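So the chains spell out like this:
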Amino acid sequence: MKPGELIDLCIECYCTYSPSKVTLDSHLEVFLAKIDATDEGDAVFIKQVVYGCIRFKKLNKVTLTALYFKHGTQVSREDYHLYMVFSYLTLIRLEDMSVAVFRKFVFSQDHHKMFVWMSFIFNSQTLNKWMKEEWCRIFDEQYVEDDLIAKLLRNLPEVSEMIERLREIASIKDEDDIAATEDKKLAKTTKIEAFNLSKAKPRMVPEPFPIYLGNPHQKAIPATLYDADADPTKKMVDGARQKARDSVAKKAANAKAPDFATAKLPESKVVRAGKYKDALAQENEQKIQAATRYVPAQPSDPAPALKAAENASVRLNMAAVLREDALLRRKQQEEAALIRKYESELRDDSEYYEWQARMRERDEKKRLEEVETRRVQMLLSEENAKEARIQNERDNHRFASEMRKESGAIRQLYRLEQEQNLLEKRGMVGDVKESEKLIGPARDALRDQKNMVGIEAREEKRSLAEEAKERRNQEEAERMEVVRQIRALESVPVDRQAHFDPTTVADQAKVLLEAMSLAELQERLALVRRDHKEQETVKRKEILQGKQAREDDLIHKMSMIQKVRGIREQDAKEQRKRKLAKEHEQKEAALKIREDAQGRLQMEIERKRKLRLDEEELLKKEMERIRIKEQFLAAGAAQVEEKKFRELESGAERKLREFQEREREDHEAFVLAMSNEDKNRKGVMKRRTDGKKSFLKDYETRKREGVASMVDALAVAHADKRITVSKTRDFESSIRDRAITADPNKHLVNTKSVLSARKIREERLGLPNVGGTLGRTGLTAREEVHERARTMRGKDQDGAPGASSMVSFADP
């Protein structure tokens, strides 16, 4: 993509991002898929710019606030996001992308906007007075000075040329804009737009059916034509052919093929026309390339190139003239700045460059010494690491053995705890099973209560549904009545024809001060058109005058450029002559130095050869003297050997005694260390065993207390449950007694049904009928019911009995 398109896509991606709806990564993926970014570099650039703008949001906000405060009349609020993107690129990514790439992004935007931004951000006074204090509130002061401000000031010489170019283009564009705005001050006319009518649906065209163009009278090919079994003649022909092939192959099996020699192709292929088209086309292409190949001038002989350059003529357009004129003025300004600097300071930078070279040499020497020191330190650290690794392995082995012993003891303790927990859980399971037997009666009572509540809820729901149905029917009747009234009103005819008078003003526009009729509007439009034509004529004259002035200025610049070119061409020739003379002198000086060095080298070689011969002569004489001396000393060689043997023997004995003494001391130290280590180990094990015993004792005590508290809690819970069950049973018995008192016959029927059911069950099981129809008291069921009813009436008359004094009618 182009630089301008990349900047616009970055702004669009940042503006469409909503952190409350989607994450940044998801938004970037959706946006890149939407714009179909096929180039990976463009996608990475968009991601980095959007991430950077969000990450350095505070920095961009402070910078743009200062920009709008200082240049409020030159920038627009609509360009806020554009300046935000360029703020990130300038402050953070300028050196990463290089000034050349940054120049492309700057010149892809509006030149006036970029001139305001570049002149603001690349101003040392603005950075040090306006921005430094605000930036230091966000970042560290050292980071602001070394990274942000220093980076901008370091690239200021390269960017100054860009700022000047933007200044020139912006000034030219301002003049053109002033001329264009006067043309644009025209009244807006009404644009005619077509009606948005619905398009008719295309008619369905039936699918075309295939038309077969074969001969309808042609007979089909018989199936026997390709059937080998149906035609014996084809079998005979195939057999004869195969027999002929076998005989020919048998004859030619032992034949020897002749040796054919192939002719060698020439170096340049000769191809007949019309036979190998590709080869001919390739050969023709090679000839054209050889004829049109560009051979650059050799550096060793630049005369032809210089001669061709002198005779060449280049036609310049307006852009080339302006570009060369700007380059000329910039060079003039640089030369003037150098002259003013020399006049004010009266010195050059040679001393600084010499000092810089000495410092660099010293730094390099120091760096080499540091490298050697680090190498020695690395070797020492490597040896220390080896020793530490070996010691660490020993410690790990000792620690592992101790841990294995300790883990065995812990496993044994854990096994005992598991067995104890298993016994406790078995006891708890038995208690829970006992308590579960009491759940059935309570569950039946709760089920009856919920059934009653459900019946009441269904009755209430049915009544509410009937009321809602009646209310809906009433509302439906009211709506139908309103609809009938609306239809009756719509059936009345209304006159909707509008009458237009072009000389009158609409009623809605009478409240406006500038309201006018259509006729007055047409007259005013005619006056405006006439004024517009007059302004257009005047503007055309001004444009022609401006063009003529620019042409004169361009001609003047062309003449100045031609003069400067002539002067530069003469200077270049003289400089080349001086350069050639200097190169010739350098070659002669180098040749002289080489000859002197060769002479000195030859003299040094001769001197060393002479010294080597003298040393060899002295060595021969010394060897002769040694040989004569050895002859004199040969007589006393036996005594010397014996003395030497005795000295060696005494030395070996002394060395052996010292070794034995050292081994004895080492053994005593080892025995003492082992005894101390054994003593320490026993002490540690004793302390560990005592601590474990105290822990187990404490643990048993806490466990007994916990079991006792748990048993007490279970007993209390069981007692509460028994009290609850007894109260529930008393309550149910009182309810049953009241029901019997209210209706004894009903209970009698239930009692009879229960007795008959028990009798049938006993007969099926084969049990003897013990009681017959008599209860536990020897009375019949009817007599027992009447007796209990009389008892209950008597108690009710005497007083109101409580729940605990009610008679429980147990089933017989």
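Analysis parameters
- Residues numbered from 1 in each chain as written.
- Predicted model: local features only at pLDDT ≥ 70, side-chain atom pairs only at ≥ 80, totals over all residues.
- Heavy atoms only, no water.
- Helix = DSSP H or I, 4+ residues; strand = E, 2+ residues; numbered from the N terminus.
- Buried < 20%, exposed > 50% of the residue type's maximum accessible area, 1.4 Å probe, protein only.
- Contact = heavy atoms within 4.5 Å.
- Areas by Shrake-Rupley, 256 points an atom, 1.4 Å probe, with all protein chains shown as cover.
- Lys, Arg positive; Asp, Glu negative; His and termini not counted.
- Salt bridge = Lys/Arg side-chain N within 4 Å of Asp/Glu carboxyl O.
- Polar contact = N/O pair within 3.5 Å; in protein donor to acceptor, adjacent residues only side chain to side chain.
- pLDDT = per-residue confidence, 0-100.
- Patch = residues over 30% accessible without salt bridge, like charges linked within 9 Å, V, L, I, M, F, W, Y side chains within 5 Å.
- Core = buried A, V, L, I, M, F, W, Y, C linked by side-chain atoms within 4.5 Å.
- Disulfide = S-S within 2.5 Å.
- Arc of directions from axis to C-beta.
- Phe/Tyr/Trp six-rings, centres within 6.5 Å; stacked < 30°, edge-to-face > 60°.
- Lys NZ or Arg CZ within 6 Å of the ring centre and 35° of its normal.

The next subject is the overall build of the protein chain. Helices and strands together make up the secondary structure of the protein chain, namely 20 helices and 0 strands. The buried share of the protein chain, reckoned over its 812 residues, is 13%. Taking the contacts inside the protein chain whose residues are at least 6 apart along the sequence as the reference set, 70% of them involve residues at least 24 apart. Approximately 68500 Å² of the protein chain is accessible, and the part contributed by carbon and sulfur atoms is 56%.

Turning our attention to the side chain of K151. Relative to the helices and strands, K151 resides in helix α9 (residues 141-154). Despite its burial, K151 remains without a salt bridge, the nearest opposite charge being carried by E95 at 5.5 Å. A polar contact of 3.3 Å, which involves the side chain of K151, links it to the backbone oxygen of I92. In contact with K151, not counting residues within four places along its chain, are L91, I92, E95 and D146.

Here M318 is to be found in helix α14 (residues 318-345). Judged by relative accessible area, which is 46%, M318 ranks as partly exposed. Considering only alpha carbons, one finds M318 and L554, 236 residues apart in sequence, at a separation of 7.6 Å.

The predicted model of the protein chain has a mean per-residue pLDDT of 77, with 75% of residues at 70 or higher. Confidence scores differ between elements of the protein chain, with helix α20 (residues 781-798) showing the lowest mean pLDDT of 55 and helix α5 (residues 80-91) the highest of 88. Within the model, the stretch residues 263-275 combines pLDDT values under 50 with 7 contacts to residues more than four positions away or in other chains.

So, on to a nonpolar patch on the surface. Among the surface-exposed residues, F500, L518, L521 and L525 lie close enough to one another that they form a single nonpolar patch of about 370 Å² accessible area. Along the chain, the position of F500 falls in the loop between α16 (439-490) and α17 (518-633).

A few words on the nonpolar core. One finds F86, L89, F102, W117, M118 and W135 to be the most contacted residues of the largest nonpolar core, which totals 59 residues. A total of 8 residues in this core trace back to one element, the largest contributor, which is α5.

Turning our attention to the state of the cysteines. What the rule picks out here adds up to 0 disulfides. C13 provides the cysteine sulfur closest to C10, a residue in no disulfide bond, and the two sulfurs are 7.5 Å apart. You can call C10 buried: its relative accessible area is 1%.

What follows covers α9. Within α9, burial applies to V144, L148, I149, K151 and L152. Looking down the long axis of α9, one finds its buried residues gathered within 150° of arc, a one-sided arrangement.

This paragraph deals with the packing of aromatic side chains. Within the structure shown, the criterion is met by 8 aromatic pairs. Between the aromatic rings of F45 and F105, the centroid separation amounts to 5.2 Å while the plane-to-plane angle is 10°, which identifies the pairing as stacked. Here the residue F45 occupies a position in helix α3 (residues 40-55), and F105 occupies one in helix α6 (residues 94-107), the gap between them amounting to 60 residues. F105 shares its class with F45; the two are buried. Ring centres of F139 and Y143 lie 5.4 Å apart, and the angle between their planes is 50°; on these two criteria the pair is classed as tilted. Overall, the relative accessible area of 28% leaves Y143 in the partly exposed class. Through a chain of ring-to-ring contacts, the aromatic side chains of Y68, Y80, Y83, W117 and F120 assemble into a single cluster. The cationic tip of R77 hangs over the ring face of Y68; the distance from NZ or CZ to the ring centre is 4.2 Å.

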